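Here's the letter readout for the chains.
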Amino acid sequence: MKKVILLLFIPFVFFGQKNYSYYAGLDSKSFQALELVHYEIDFSNIDNELLAAAIFHATNVERKKHERSLFTHSKSLFIAAQGHSEEMVSYGFFSHTSPIKGKQSMSNRLKKVGLENAYFAENIAESFVEKRSNYWSTATQIVNQWMNSSGHRKNILNSKYNYLGCGTYYFSKKQYEGYLFFKSTQNFSSINSKP
């Protein structure tokens, strides 16, 4: 009996952990050199964490291009951004204001991951790409969407923000079967915390 419980518990722990190896020791150039970021996105098994990491690194490409210091990845900001992206899809809304109690504002969401009393900002996007897209091209398309909007661009290039966490989540629209749709979030902060 104990062996059965143990076998059921181990997969739960393994699959419940987030993969932060897309950030450790990788800059945007070395991340782009990873073969898997150029894989075509598998419609039936999308790696949202890989796409979120690609968005993070594509954002740092823009920071470098505009001679800003590069963002440091924040697990706390990632958790808040990924949660907001998933909730926008699950609850069918697209807004900085959430209908979920305790998570209505960006400040509420960041406080839940231990961040307060700092400079904060949030970008959200609803994007679509053709099904034959890869992770890097999809990420750059989402970041370009933000860079072409003055308010979002200002957040990306703001020197007050040192930390970034990105989240994204896939959804489908039956009337547009040839496309992948994503709701994505970037959370920026002047400080970091441990999740």
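Residues numbered from 1 in each chain as written. Predicted model: local features only at pLDDT ≥ 70, side-chain atom pairs only at ≥ 80, totals over all residues. Heavy atoms only, no water.

**Q** Just to check I follow, could you spell out the overall build of the protein chain for this structure?
**A** Helix and strand content of the protein chain: seven helices and four strands. The buried share among the 195 residues of the protein chain stands at 44%. Surface summary for the protein chain: the accessible area is close to 10900 Å², and the carbon and sulfur share equals 54%. (Helix = DSSP H or I, 4+ residues; strand = E, 2+ residues; numbered from the N terminus. Buried < 20%, exposed > 50% of the residue type's maximum accessible area, 1.4 Å probe, protein only. Areas by Shrake-Rupley, 256 points an atom, 1.4 Å probe, with all protein chains shown as cover.)

**Q** Help me out: how do you make sense of the pairing of strand S3 (residues 163–171) in this one?
**A** Every regular strand shows the same layout, with side chains that alternate between the two sheet faces. Among the nine residues in S3, seven count as buried, and that is most of the element. Two strands pair when backbone bridges link them, and S3 and strand S4 (residues 179–189) are joined in this way by nine bridges, in the antiparallel orientation. Across the sheet, the residue bridging to Gly167 is Thr185, located in S4. (Pairing = 2+ DSSP bridges.)

**Q** Help me understand the nonpolar core in this model?
**A** A general tendency of soluble globular proteins is for nonpolar side chains to be buried together. Among the nonpolar cores identified, the biggest contains 35 residues, and Phe31, Ile55 and Phe182 are the most heavily contacted of them. If you list the elements that add at least two residues to this core, you get helix H3 (48–65), strand S2 (120–130), helix H6 (135–147), helix H7 (150–157), S3 and S4. At eight residues, H3 tops the list of elements feeding residues into this core. (Core = buried A, V, L, I, M, F, W, Y, C linked by side-chain atoms within 4.5 Å.)

**Q** What exactly am I supposed to notice about the pairing of S2 here?
**A** Across the 11 residues of S2, eight count as buried, placing the element largely inside the fold. As judged from the 11 bridges shared by S2 and S4, these two strands associate in the antiparallel manner. From the neighbouring strand, Glu130 faces S4, where its bridge partner is Tyr179.

**Q** How do you make sense of the confidence of the model for the protein chain when you look at a structure like this?
**A** Should the pLDDT be low somewhere, the predicted coordinates at that spot are not to be read in detail. For the protein chain, per-residue confidence averages 87 on the pLDDT scale, and 89% of positions sit at 70 or higher. Low pLDDT, under 50, characterises residues 1–17; the stretch is placed with zero contacts to residues that sit more than four places away or in other chains. (pLDDT = per-residue confidence, 0-100. Contact = heavy atoms within 4.5 Å.)

**Q** What should I look at first to understand the sheet that holds strand S1 (residues 72–73) in this one?
**A** One key point about sheets: their strands pair by backbone hydrogen bonds, in either a parallel or an antiparallel sense. What the four strands build is an open sheet, ordered S1-S3-S4-S2; its pairing is mixed. The outermost strands of the open sheet, each flanked by one partner alone, are S1 and S2. Relative to S3, S1 runs parallel, the two sharing two bridges. Paired with His73 across the bridge in S3 is Leu164.

**Q** Help me understand the packing of H3 against H6 in this model?
**A** Two quantities define a packed helix pair, namely the angle between the axes and the distance from one axis to the other. In the contact formed by H3 and H6, the axes pass within 8 Å of each other and the chain directions differ by 55 degrees. Comparing the axis directions of H3 and H6 gives the class oblique. The two elements H3 and H6 cross, and the hand of that crossing is right-handed. For the pair H3 and H6, contact is made by Leu50, Leu51, Ala54, Ile55, His57, Ala58, Thr59, Val61 and Glu62 and by Tyr135, Trp136, Thr138, Ala139, Thr140, Ile142, Val143, Asn144, Trp146 and Met147, respectively. Along the lines of polarity and charge, the residues of the contact of H3 with H6 split into 13 nonpolar, five polar and one charged. (Axes fitted to C-alpha atoms, helices over the stretch in contact; angles between N-to-C directions. Parallel < 35°, antiparallel > 145°, perpendicular 65-115°, else oblique. Left-handed = near helix turned anticlockwise from the far one by under 90°. Nonpolar A, V, L, I, M, F, W, Y, C, P; charged D, E, K, R; others polar.)

**Q** What am I meant to see in the environment of Gln82 here?
**A** Positionally, Gln82 belongs in helix H4 (residues 75–90). Measuring from C-alpha to C-alpha, the distance between Gln82 and Tyr169 comes to 7.5 Å, with 87 residues separating the pair along the chain. Residues contacting Gln82, with those up to four places away along its chain left out, are Asn48, Ala52, Cys166, Gly167, Thr168 and Tyr169.

**Q** Would you mind showing me how to read unusual backbone geometry here?
**A** Backbone phi values are negative for most residues with the exception of glycine, while trans is the configuration of most peptide bonds. Even without being glycine, Glu67 reaches a positive phi, approximately 55 degrees. The topology assignment puts Glu67 in the loop between H3 and S1. You can call Glu67 exposed: its relative accessible area is 75%. In this structure, Asn117 is a non-glycine residue whose phi angle is positive, near 60 degrees. Here Asn117 lies in the loop between helix H5 (106–112) and S2.

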